[in-house]
Each structure stands twice: as C-alpha cells, then as structure tokens.
Amino acid sequence: MQRRSFLAGTAAAATLASAPNIHAASKDKTYRTALIGAGWWGMNILREAMAGGQTKVVALCDVDSDRLEINAEEVTDLSGDTPRTYSDYRELFEKEDVEVAIIATPDHWHALNALAAIEAGAHVFIEKPTGHTIGESQAVLAASRAANRLVQVGLHRRIGPHHVSGMKFLKDGGAGEIGLVRMFVHSRGGAEKPTRNSEPPENLDWEMYCGPAPLRPYCRRIHPGGFRHFLDFANGTLGDWGVHWLDQMLWWSDQQSPHSVHSTGGRPIAGAPVLNDEEQTTDAPDHQTATYEFDSFTATWEHRKFAGQGPEQTSIGCYFFGTQGTFHIGWRDGWTFYPADSKKQVIHQDAQLQEPDGHNLKLLYADFLRGIETGSRPVADIEVGHQATTLALLGMLSMKLGRSVRWDPDTQSIIGDEEANGMLRRKYRQPWTYPEIG
Amino acid sequence: MPLPHPLLLRHKLASVSRHCVAAVTRRRRVHGLASVATSVFSRTLLVFALPIGVSCSVAEDWYRWRGPNGDGISTETEWNCDWKNGQPTIAWSHSVGTGFSSVVVKDGRVFTLGHVDDQDVVYCLNVADGEVRWTFGYPAELDARDFEGGPISTPTVDGDRVYVMGRAGELFCLQTSDGTKVWGKNVAEEADVRLPGWGCSAAPLVIGDKLLLNLGESGVAVDKHSGELSWSSDDRECGYASPVLIPDSDPTAAVIASGRAYIGVDIQSGKQLWAERWLTSFNCNAADPIFHDGKMFLCSGYNRGAALFDLNDATPSLIWKSKEMKNQIHSSILYQGHLYGIDGDMETGARLRCMDWATGEIRWSVDDLRPGGLALAGGRLLLLTEPGELMIAPATPDGWDPITEAKVLDGKSWTAPVLSDGRIFCRSIQGQLVCVDCRD
C-alpha cells in the first residue's frame, strides 16, 4: 500500500513579499535565542522554538559557514528575524545577550558549549548525551545548579504522547511485575570501505570542529552528519539511541541506579577501523551488548548494524518483560502489550509524532519554556539527562576496558577501579581545558 | 547523472505549517481480455488529449542526456503500456558494467557506459536485439569507496560522434560507427582543475563547434572536433548537474552548476555573466536548471530546496522559494505548468512530488514509492523504482494513479529510464540494461 499526502495549497512556497508567519502565535515574553551547532537536528529544534512563538533568534553559530548561511536564510524566511552568524561560540556569547541557548553540536563539544552558555547567563536546551565523557556531564549538571540556570535535555521521548501513556500503563501494573528490560536498535549493514581523506572544504573550520578532540585528517564521512560513529566525537549507537532507551528504562524505574555494568562489542562485520594519511573508516562498534544489574531487575542493551530486523516485529525500542506479559515501547510503531496469556487481547497505541523526523520536540520545547517561566524542573531536566548519559557512557567504558564496572551514584565514581575512574575524563587537545566539576 | 551521497544523512524537511492528508492509493492492474478494450480506449483518449503543437514523431532519437529538447520529455506517442498479464515484453537484457550512466539512442543504436574489470567501457548495442556493435574501454578505477562506484555521466551523441566523460576527468570522442577513438584526454588535468568529491558526472553539451563540460568553477569548453581547450575556469569544485543552454540568450549562454552556485556563462568566452549563490551541505548541485518562459528553476538536496527566478534582467531575481522540493540527484521534469520530481534523500527515503511551477505549491506527494529515476513521455510519467519496478502513470497535478507497473530489473536502480524508438531502457547500478518493448 502506498502512503500519499496531499499538501494543502498554503504549504509550499515562501515568496519574497509574504509576511513572516511564525510570530503570529506570539505570547508576551520572547526569548533572545541562539543556536550553537546549526545542523540538521539543531534546525529541527530551532524550527519548533520559532513555531512556538516565544523565540527571537539572535544568533547562529557553526563551524561550517555554508550551513550557517543556508540556515540563517531559513530563519529569516520563517520568522523575519535576521540572526547574526558566528563560527566561534565564545565570540557569540561575548557579543550577544542570550537568554536561551540551544546546543546541538557533536557530542565532544556539548559540555564546553553548555558551560559557556550557563556562564553567560542563558538557560540551555542541550541535545543528548550531556557529555562525551561522564565528567563533562557532571560539570554541566553542577554548573547549571550553581548558577540556577535551567537545562532541558533533548529527550523528547520523555514527553511524547505514546511514551507518557505507555509509562502510565507500566506504572499502573499493566505488565505486572517487571523482571527484565531489553533495549535495542537494529539495522542493516555490512563491511565498511574506507573513505578518502581530503582537504577540509573551504567553508569548514576543521580545527574548530575537532576542538578539544584530537585533530585528525578530514574526510567527508565525518562532516556533515557522520560524527556519531567516530569515537573521538561521539559514542556510537549506545551514545545516541541508547541514551533515549536507557532514559525510558530509568523513567519506569524511578531513576534507580545499577550496581554494575558490563558491555562487549566490536566490529566483526564492519571490519577493523582504518585511520591513516590517505583514508579512514568509522570506529564505533558495529554491534554491542550491555548488561545493567539493578536491585530488582536486569536491563540489557543490544545494537547491531547488520542483519536487519530479523524475525522480530520491530527493530527499535524497549521491551519490559513482566508477569502479565511483554510491553514494547517503540518509535513510529507506538506501544504494544502482548499478554502472557495468549487468550487475552493484544493492546496497542499508535505513536503521535512530528514528521518527517518522528519526534516530539514541540512538546519538549514548550515544557522547557514553561520551566523557565515557573521555575519548575522540566521533564528532561539535566539530572535526568545526566543519568541516562552516564549509563550509556558506562557501557562504552566497560566495553573499552573489557570488564565490569561498579558505579556509585553518590560519589559519582567507579568502585575500586582506578583505571576505570581515569576514563571518566578525557585528555583535551590544547588550548582547551577539561571542565572542572562544581 | 550525478552521484548519490553514500552516508546515511537523515533528510530534513521544513515542516512548518505543512498540512498533510493521508489517503490510500488504489492500484490498478490491467489483465487479460479487459486490457484490449482498455488500451484502445486509453490510446484514443491520449490522442485527443494531446495539446496542439506537440509533434507526434513515430520514433525519436534520445541522443543526449534529458533528450533532444533537454527537458527529460519524449514526444513519442506510438508506444503502449497495456502489458499482457501485467508483464511487459523484455526484448533483450545485457550487462553493461557497474555505474549510474543513463543511455542515449541514435540511429538504431544505444550507447552507455559501465565499469568492468579495471576499465570503464563504452557500449554500443543494437536497439533491435541488444547485440554489441562495439565497445571501447579505458583504464579507470571502480572507486567504490563511497558508493557502488563506476562511471556516472551519460554519453552525448553529435552526428557521427559520441562524447564520453569518466569520473576522473577522462574525455573521449569516438566514432559512433565503430568506436574508433577520434581524440581523448584527461580534461581535468589539462585544465588544471580539481575533481568534485564524487567525480565528474555531467553529460557533455554540444553547442555549435564547442563541447561544454561541467568542470572547474564555471565550466570548461573544448573544440568538439579536435578536443583542443577553448577556455576553462578557476580551480574550484564543480557541481554534478549537466550544462544547460539558456533559451534565446544573447550572447548565447549556458548555466553551469558549480559546487556553490549556478553560474550563467557566455559560451564563446567562458566569461561569467552572473552567479546565483546556491549552497548545499555537500557542494552537491546535481539537478539541471530548468528554463521556461523567461524563468529559471533551481533545485538541490542536502538542505537546500527549490526556487524560481526571473531571468529577464541582467541577474536572476527571485520569484519564490521552497523547501518542499529537494532534488538530490535527479532533475525535475516540467510538464504543462507542473514540475514532477524526486524530493529528498535517496538513501533514507525520497518522495515523488508534483509542484506548481508558478507558485511552488505542492500538488501531491507519494511517500513510499522508493523512486529511482523518472522520465516523461506522451503525457505519462515513467518511474523506475529503486528495486527495479517500472511504473507508468498520467502526468497530472490531480494525483499519482499508475496505469501499470511491472518488475523489470533486479538490483538497485537509480538511473532515469529512457523512452526512445518505442522502447523503454532501464538500467541497474550493477549494470543490467533491459529493453522493454512498448511498440504495438
């Protein structure tokens, strides 16, 4: 069957003469807003901010000047605002009076960008994960609390309608007592061929792109859009999708902390990573499993980038296995409860997402502004984001280390393993300095 | 035909104030006895429906990229698609090597390009039976690092010559009769300009005695008889669209897609007349500009979108722009006031869309066809899907309602089909070329 959509006549074109229509819904207060990291996802967030009617876009920042230009033009077309453009976020915060900073850079930049924004007095909407290493995430949490600045993390699944109703179903005991949670993302793939290195495009400040991470040869597989699978800049699938699904599990468990984390993974299908003067591949694992041991249940993560969906009904989401049956919370497929008693009816609820990218940023951004106005914590507050990020990064850490780690949430450290504790931080490239906590 | 972006760049689309209504499509298949009556009826209708002034040639040579009129439209009407039992007649199938090159047809011969065993090979086959008349090979890398690899440009026939361009800037002039090399060179090296990221993909354009190529900042021209360099441009990254002549221009001008702009160029001197800045995320301007009624339509993927410009002044002036059509690889086709095009990222899910030329409004959008390439003939859209299904539907702003569809290829297809001499030629990346016989 084909899906088709007939778009209403008002949809398409922006003529030069047409009045900007985004501000029509304005409420009283508008926030002087800057976007740091004006790529695909950053613009998704900013569009929701503009559509919400309480945003004046004062500045965009990106190390890719072409992206900046394209996206500044789009902001003007959508809102009538003419944002100033910057290639260095430090200069932006020095020159602009920013009330809200949206941060959607690659992960290795999140902490430094967020700390600069907080120091400049801005409230922050930051993409997950909240750090590339756990220490960075701790620093953002501490700084935002000390400065009394609100930080909402882009975990839109905290507020998406089918997630909210699914969580109510679970917490009301719909699946009975839960003993095992399984989080997973699967896709297709095979061996990876190296991509040729090249001079960075003239529009890209590659030195600034790498920032605190090691400076490596440029290749177009990294930018734009490919950083997630390079461990210098991100943490692979667990550091991406994993944060969302770990957060669902934490939400259900009322933010419990695991006793121990163990993870294995590798690249048997993608092949050994390549990085030389001529060419390179990604270096994130093509599959990974992680086991999180909690007081009263076990949670596992599994991703693979080969074999596809296989015999299962879904390739993404979270299974909660309980005494009454199996509850699946997914993405575009909503949630479904499969009763243990096969005579009982399967229960299902569709997802309600914003397309084309299938998210609930509109709700999350509105919750963020509500938090600023009322002083209450937003649904995906920095502490929530920090916990989900921590579990993802502990998984990465255990995989690299090759052994289990025991996490103490009170001291925010790994118990009895100095080598592992050393991996809570990373060495920054000069002149960047690793953030101090608190 | 330009290159796919191999990375899984997730596609974005401005969704502000977009209103979508989903509807279930009714599929029609024509079977058995009913097909006779239906076909007669539909052909009768088609003849009456033809607008006055459109020529009804019996057979038409599709001798260059986007066809004789450079618009992607075949004016042939003497073909039908009332396939018996839903299955078309596959007259022949031949392997032409890995690549994305489309075919051209001249005097009963079909020409294309593919990669086989460390060579790019030019194939000349009989239209009638697919028999190989000649081949011409030159050493080339498959270079499959970022995609399946192989050549990506389409040959151009001019009289008794065929011009062929390889990804690394190789340029050859061959005799159409037997494939004898008239001249050959690496024009990128000679002009001392860099290659674009995915390699050269533009079809050469013959204008008088010149051969215009998309290389350098705003093109390179060579003498078509000798291959001698006429003029070149600065060493900047070129785009992937083919050069297109501006109709009725004085001086005669063409538009060249550079990496970051579409540039009007004086054919004689190579001088830049104007440059319309047109940025994408990957310096990937791949869709040919479309000219009509003193206006120019530009469209690119990778974050860009579409715009219509007025060309009546010295420099283009914007009429409208939209994010609702992003031609990542394939040029749209303008037919009777509407653009039919493939919108979005080919890897992550492109859509077939119909857009109003005058206003930029989207008339319809079909989301899950997995379009691989598009052509238009006799008022009908010919869509080759990525999995190799050929679908035919009336080209109308009222919606997408296929008359017929059939699986014609295995493997992945991202090359536009070509209708010429009553046959539809479809090609997969892996190099299967099939001739679908649509004559009575």
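Residues numbered from 1 in each chain as written. Chains lettered and ligands numbered in written order. Predicted model: local features only at pLDDT ≥ 70, side-chain atom pairs only at ≥ 80, totals over all residues.

As annotated in an unreviewed UniProt entry, chain B is Outer membrane protein assembly factor BamB from Stieleria magnilauensis.

An unreviewed UniProt entry annotates chain A as Inositol 2-dehydrogenase originating from Stieleria magnilauensis.

1. What about the overall build of chain A?
Our working rule: Helix and strand definitions here come from DSSP, where helices need a minimum of 4 consecutive H or I residues and strands a minimum of 2 consecutive E residues; each element is numbered from the N-terminal end. Just to be clear, the radius of gyration here is over C-alpha atoms, and the globule rule we use is 2.2 Å times residues to the power 0.38. As a rule, residues whose C-beta atom has 12 or fewer other C-beta atoms within 10 Å are exposed, those with 20 or more are buried, and those in between are partly exposed; C-beta atoms are placed from the backbone. C-beta atoms are first placed from the backbone for all residues, and any pair lying within 7 Å is then listed as a contact.
The secondary structure content of chain A amounts to eleven helices and 20 strands. Taken over the C-alpha trace, chain A has a radius of gyration of 22 Å; the compact-globule value for 438 residues is 22 Å, and the two agree within 12%. Taken along the three principal axes of its C-alpha coordinates, chain A extends 60 × 50 × 50 Å. Residues counted as buried form 53% of the 438 residues belonging to chain A. Long-range pairs, those at least 24 residues apart, make up 71% of the contacts in chain A with a sequence separation of at least 6.

2. Notes on the domain arrangement of chain A
Residue and element names in this part refer to chain A. The line we're drawing: Where each domain starts and ends follows an automatic or database-derived domain assignment. Basically, the charged four are Asp, Glu, Lys and Arg, the nonpolar ten are Ala, Val, Leu, Ile, Met, Phe, Trp, Tyr, Cys and Pro, and anything else, Gly included, counts as polar.
When its domains are assigned, chain A resolves into domain 1 (22-157) and domain 2 (161-357 + 381-422). The C-alpha-based centres of domain 1 and domain 2 are spaced at 24 Å. Domain 1 puts 31 residues into the contact, and the matching count from domain 2 is 34 residues. Counting residues per element, the ones that place at least two in the side of domain 1 that touches domain 2 are α1 (40-51), α2 (65-79), α5 (134-146) and β8 (151-153). In terms of residue count, the dominant contributor to the side of domain 1 that touches domain 2 is α5 (six residues). Looking at the side of domain 1 that touches domain 2, its residues break down into twelve nonpolar, 13 polar and six charged.

3. Remarks on the sheet that holds strand β30 (residues 389-394) of chain B
To be explicit about the condition: We call two strands paired when DSSP finds no fewer than two bridges between them.
Strand order in the open sheet formed by five strands is β2-β28-β29-β30-β31 (chain B), with mixed pairing between adjacent strands. Among the strands making up the open sheet, the edge pair consists of β2 (73-74) and β31 (404-407) of chain B.

4. Describing the pairing of strand β15 (residues 316-322) of chain A
Residues and elements named next belong to chain A. Of all seven residues in β15, six are buried, a share of seventy percent or more. As judged from the seven bridges shared by strand β9 (residues 178-186) and β15, these two strands associate in the antiparallel manner. In the sheet register, Ile178 faces β15, and the bridge partner there is Gly322. Pairing of β15 with strand β16 (residues 325-329) involves five bridges; the strand directions are antiparallel.

5. Things to note about helix α9 (residues 361-374) of chain A
Residue and element names in this part refer to chain A. Quick reminder of the rule: A helix is expected to reach a length of 1.5 Å times the quantity of its residues less one. Throughout, the arc means the angular range of directions from the helix axis out to the C-beta atoms.
Its 14 residues place the ends of α9 20 Å apart at the C-alpha level, agreeing with the 20 Å of an ideal helix rising 1.5 Å per residue. For α9, every residue scored as buried is listed here: Leu361, Leu364, Tyr365, Phe368 and Leu369. Viewed along the axis of α9, the buried residues span an arc of 135°, placing them on a single side of the element. Counted as exposed and oriented over 90 degrees from the buried face of α9: Arg370, Glu373 and Thr374. Once α9 ends, the next one or two residues include Gly375, with phi positive near 80°.

6. Quick look at the confidence of the model for chain B
Residues and elements named next belong to chain B. Selection rule: Think of pLDDT as the predictor's per-residue confidence, scored from 0 to 100.
Averaged over every residue, the pLDDT of chain B is 88; residues scoring 70 or more account for 87%. Ignoring residues within four places in sequence, the model shows residues 1-56, a span with pLDDT below 50, making 109 contacts including any to other chains. For this predicted complex, the interface score ipTM comes out at 0.71, while the overall pTM is 0.80.

7. Considering the nonpolar core
The criterion, for reference: To form a nonpolar core, buried Ala, Val, Leu, Ile, Met, Phe, Trp, Tyr and Cys residues must be joined through C-beta atoms within 7 Å.
With 129 residues, the main nonpolar core has B:Phe111, B:Leu215, B:Ala254, B:Leu376, B:Leu382, B:Leu390 and B:Cys426 as its most contacted residues. The next biggest cluster of nonpolar side chains, apart from the first, holds 106 residues, and it includes A:Ile126, A:Val151, A:Ala290 and A:Tyr319.

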